[in-house]
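What follows is the residue order along each chain.
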Amino acid sequence: MKKYTYLHTPIGLLEIEEYEKKLTAIRFAKYYQHPEDGSLILQEAKWQLEAYFEGKRKEFNLPLHFECSDFTKEVYRALMHIPYGTTTTYKELATLAGNSKASRAVETAMKHNPFPVIVPCHRVLKDDGSLGEYSGGQGVKTKQWLLEHEKGVLT
């Protein structure tokens, strides 16, 4: 049975989902759709995310379950190694994931990222350095907030 908890953040309400002691999704939500559960995994996820938004945490250590292709998993793994407060491009991330010609596949992976913030797709920019899109929260405004938050914490 899936379990849920919610977290109010500066970028909106996040719904955190767990199944069999692994996180399965983090979604931007408008309201509470499920009863909250106090499982240890969900509580740890909330604690780590709260610490991130307070500027006290730069990395996450949570059990994540991905349902996607092997290449997409490689993209997410590579993305989790992009240092806090820095950015990369779709092309650079494709190279890190093992296929320098797969920029479009990387864009698709970012669009379907099941773990925003934890798998930091907000750190990926277009090849020309512009922000590009962001599919969560309030779109590009949310992406800009996350990037500024990380840069502000570093100073």
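Below you will find a few notes about this structure.

1. A few points about the pattern of salt bridges
Piece 1. Applying the stated criterion across every chain, the model contains seven salt bridges.
Piece 2. With a closest N to O distance of 2.8 Å, Arg-27 and Glu-15 form a salt bridge. Of the two residues, Arg-27 is situated in strand 3 (residues 22–29) and Glu-15 in strand 2 (residues 12–19); the sequence distance between them amounts to twelve residues.
Piece 3. Residue Arg-27 is classed as partly exposed on the basis of its relative accessible area, which comes to 35%.
Piece 4. Residue classification places Glu-15 among the buried residues on the basis of a relative accessible area of 3%.
Piece 5. When salt bridges that share partners are traced, they join Lys-2, Glu-15, Glu-17 and Arg-27 into one network.

2. Concerning the packing of helix 2 (residues 70–79) against helix 4 (residues 103–111)
Two quantities define a packed helix pair, namely the angle between the helix axes and the distance between the axes.
Piece 1. Following both chains from N to C, one finds helix 2 and helix 4 inclined at 75°, their axes separated by 10 Å at the closest point. The angle between helix 2 and helix 4 places the two elements in the roughly perpendicular class. Taken together, the residues of helix 4 that come into contact with helix 2 (itself represented by Phe-71, Thr-72, Val-75, Tyr-76 and Leu-79) are Ala-105, Val-106, Ala-109 and Met-110.
Piece 2. Here the contact of helix 2 with helix 4 is built from residues that sort into eight nonpolar, one polar and no charged.

3. Side note on the sheet that holds strand 3
Piece 1. In space, the three strands of this open sheet follow the order 1-2-3, with antiparallel pairing throughout. Only two strands of the sheet have a single neighbouring strand rather than two, namely strand 1 (3–9) and strand 3. Neighbour-to-neighbour, the strand axes of this sheet turn through a mean angle of 25°, independent of strand direction.
Piece 2. Across seven bridges, strand 2 lies against strand 3 in antiparallel orientation.

What counts, and where the lines are drawn
- Residues numbered from 1 in each chain as written.
- Predicted model: local features only at pLDDT ≥ 70, side-chain atom pairs only at ≥ 80, totals over all residues.
- Heavy atoms only, no water.
- Salt bridge = Lys/Arg side-chain N within 4 Å of Asp/Glu carboxyl O.
- Helix = DSSP H or I, 4+ residues; strand = E, 2+ residues; numbered from the N terminus.
- Buried < 20%, exposed > 50% of the residue type's maximum accessible area, 1.4 Å probe, protein only.
- Axes fitted to C-alpha atoms, helices over the stretch in contact; angles between N-to-C directions.
- Parallel < 35°, antiparallel > 145°, perpendicular 65-115°, else oblique.
- Contact = heavy atoms within 4.5 Å.
- Nonpolar A, V, L, I, M, F, W, Y, C, P; charged D, E, K, R; others polar.
- Pairing = 2+ DSSP bridges.

The values are spatial; any link to function lies outside them.
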